[in-house]
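Here's the letter readout for the chains.
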Amino acid sequence: MLGLTGKDLGLFIIVALLTILAPFILNPFPEGSALAQFNGGYPDLMQRFVIFGIFAIGFNILFGLTGYLSFGHAAFLGVGSYAAIWMMKLLTLNVIPAIIMSIVFAGIFALVVGYISLRRSGIYFSILTLAFAQMSYALAYSVLTPITGGETGLQLKATDTPLLSNLGPTEIGRANFFGVDMRASYEMAIGDWLFTFNAGYYIAAVFMLLSFYLAIRLFRSPFGMMLRAVKSNQQRMNYTGLNSRPYTLAAFVISGMYAGLAGGLMVAMDTQVGPERMFWTASGEVVLMTILGGAGTLIGPVLGAGMIKYMENIVSKINDGILHQWFAFMPDGIEDFLVFVIHPFIGKGWHLTLGLLFMLVVIFLPGGLVEGGQRIASVFRRKETKTSTVEKSAAEQQQHSE
């Protein structure tokens with residue numbers, strides 16, 4: 001079905017169900033409770049989950065399949081964002097043309113960067129991509145200020161008059177999907193729980209599911225097999241007479257187009273663009289997402305993106321006041337001690353928590369969160385196998401006794 005094997009189709013259906021039901025899954029605690037702090041089912045965070053999931057899926061096509069580690073993928077995210085915002089400023093506030101332009105411009109830029117960077121491999125390739133990303137950031141920050149807005153960036157203003165949009169003289173346009181406001185939301189209250197269904201999230205989720213489906217098809221295709229051959233032993237592949245450069249360049253461009261799509265969707269959700277999206281830390285973040293979830297796996301990058309964005313938005317909001325509320329039932333000395341111990345790992349120190357988590361995953365789960373899930377599943381399978389073996393032996397003994 002859909003050109004997928006049974007196993008891949010099952011995985012795709014699971015991802016689709018999790019995406020559709022995200023407002024329920026991410027809001028497990030009732031509003032007003034002490035644990036409501038950990039709810040992540042609000043539009044801004046859910047949008048980040050799927051958008052950065054797309055970004056990580058695209059990066060995984062390059063890094064997970066070919067082994068080429070790029071430290072400059074944020075450049076394509078930024079180029080896609082700038083292309084999208086200019087399309088909305090000049091042509092239409094409909095997000096579809098903006099997203100298409102973000103993919104096209106990011107792909108063209110990735111073709112140029114990849115053609116030069118792929119002349120080298122290993123650490124030299126990584127440094128080249130990092131150099132291109134930092135040059136792009138510097139250009140966006142200062143040199144190309146008339147196009148990029150410099151330090152302040154770009155956003156929709158009352159002076160913008162898109163060609164295909166009917167706006168009033170002082171009206172500031174809003175991104176829409178054929179008339180549907182991207183910020184439109186519907187709230188549903190069930191008891192003490194409040195669930196929010198956001199139009200922008202579901203539009204971005206559709207793009208994420210399409211991106212995930214295309215990634216599955218690419219992973220299972222002959223092209224994907226060639227990319228795995230590059231990762232396994234590129235030199236031996238070249239000795240057989242196969243030129244690996246067209247394959248790696250194609251993977252680089254596809255990966256850049258995924259990043260451009262993510263950049264376009266970011267503009268569709270929040271019509272502001274700044275050069276910080278192209279900074280090297282943004283490139284490092286997608287590397288962490290992919291490795292944390294499981295490089296070379298299908299669902300791993302999505303899990304890694306969700307984990308990092310959840311920690312960035314939830315753990316960073318926890319402060320000493322919230323900790324004192326949680327431990328208020330304890331004696332004052334123990335309460336103050338626990339707050340003192342946990343304080344460095346929350347709020348602005350959430351990066352420390354992320355760093356420790358990343359270290360534990362790299363040391364004990366080289367395959368990322370996906371490997372952790374596989375290990376847990378294997379434990380249950382062994383228990384089921386052991387139980388069935390015991391039952392079978394008992395049945396055989398009963399038959400012999402009879």
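For the structure given in this document, a descriptive report is provided here. Just so it is clear, the model here is predicted, and its values are computed rather than measured.

Bringing the overall build of the chain into the picture now. Of regular secondary structure, the chain possesses 16 helices and six strands. Principal axes of the C-alpha set define a box for the chain whose edges measure 90 × 70 × 45 Å. A total of 402 residues make up the chain; the buried ones form 46% of that total. Of the contacts made within the chain by residues no fewer than 6 positions apart, 71% connect residues no fewer than 24 positions apart. If you sum the accessible surface of the chain, you get close to 20500 Å²; carbon and sulfur atoms cover 68% of it.

It is worth spelling out the pattern of salt bridges at this point. Scanning the model with the defined rule gives seven salt bridges in all. Measuring nitrogen to oxygen at the nearest pair gives 3.2 Å for the salt bridge that ties Asp181 to Arg174. For Glu312, the salt bridge is made with Lys309, and the minimal N-O distance between the two is 2.8 Å. Residue Glu312 and its partner Lys309 are both found in helix H12 (residues 300-313); the two are separated by three residues, about one turn of the helix.

Attention shifts here to a nonpolar patch on the surface. Taken together, Ile13, Ile14, Leu17, Leu18, Ile20, Leu21, Phe24, Ile25, Ile190 and Trp193 make up a surface patch of nonpolar side chains, about 870 Å² in accessible area. Put simply, the parts of the chain that give the nonpolar patch at least two residues each are helix H1 (6-20) and helix H2 (22-25). For the nonpolar patch, the leading source of residues is H1, giving five residues. Secondary-structure assignment places Ile25 in helix H2. Since its relative accessible area comes to 45%, Ile25 is described here as partly exposed.

To continue, consider the side chain of Thr129. The residue Thr129 is located in helix H6 (residues 122-143) in this model. What Thr129 contacts, discounting residues up to four positions off in sequence, is Leu69, Ser70, Phe71, Gly72, Ser117 and Phe252.

Turning next to helix H15 (residues 350-364). Along its 15 residues, H15 runs 21 Å from first to last C-alpha, staying within 8% of the 21 Å computed at 1.5 Å per residue. For H15, the set of buried residues is Trp350, Leu354 and Val361. What you see down the axis of H15 is that its buried residues fit within an arc of 40°, all on one side. The exposed set on the far side of H15, more than 90 degrees from its buried face, consists of Ile363 and Phe364.

The backbone phi angle of Phe178 is positive, close to 50°, even though this residue is not glycine. Relative to the helices and strands, Phe178 resides in the loop between strand S2 (176-177) and strand S3 (180-181).

Considering the arrangement of structural elements, one finds Gly355 in helix H15. Taking the C-alpha atoms as reference points, Gly355 and Lys309, separated by 46 residues in sequence, lie 14 Å from one another.

Structurally, the position occupied by Ile54 is in helix H3 (residues 43-66). The sequence separation of Ile54 and Leu356 amounts to 302 residues, and the corresponding C-alpha distance is 25 Å. Apart from residues lying up to four places away in sequence, Ile54 is in contact with Ala204, Phe207, Met208, Ser211, Tyr258, Leu261, Ala262 and Leu265.

When you line up the elements, Ile254 lands in helix H10 (residues 245-269). Separated by 148 residues in sequence, Ile254 and Ala106 have C-alpha atoms that sit 9.5 Å apart. Each residue touching Ile254, except ones within four places of it in the same chain, is listed here: Ile61, Leu218 and Phe223.

Moving on: the packing of aromatic side chains. A ring pair, where both rings are aromatic, is described by two values, the distance of the centres and the angle of the planes. Counted by the stated rule, this structure contains 18 aromatic pairs. With a centroid separation of 4.7 Å and 50° between ring planes, the pair formed by Phe24 and Phe195 is classed as tilted. Placement of the pair is Phe24 in helix H2 and Phe195 in strand S5 (residues 193-198), with a sequence separation of 171 residues. On the numbers, 6.4 Å between centres and 55° between planes, the contact of Phe52 with Phe55 is tilted.

Rules of the game
- Residues numbered from 1 in each chain as written.
- Predicted model: local features only at pLDDT ≥ 70, side-chain atom pairs only at ≥ 80, totals over all residues.
- Heavy atoms only, no water.
- Helix = DSSP H or I, 4+ residues; strand = E, 2+ residues; numbered from the N terminus.
- Buried < 20%, exposed > 50% of the residue type's maximum accessible area, 1.4 Å probe, protein only.
- Contact = heavy atoms within 4.5 Å.
- Areas by Shrake-Rupley, 256 points an atom, 1.4 Å probe, with all protein chains shown as cover.
- Salt bridge = Lys/Arg side-chain N within 4 Å of Asp/Glu carboxyl O.
- Patch = residues over 30% accessible without salt bridge, like charges linked within 9 Å, V, L, I, M, F, W, Y side chains within 5 Å.
- Expected span 1.5 Å × (residues − 1).
- Arc of directions from axis to C-beta.
- Phe/Tyr/Trp six-rings, centres within 6.5 Å; stacked < 30°, edge-to-face > 60°.

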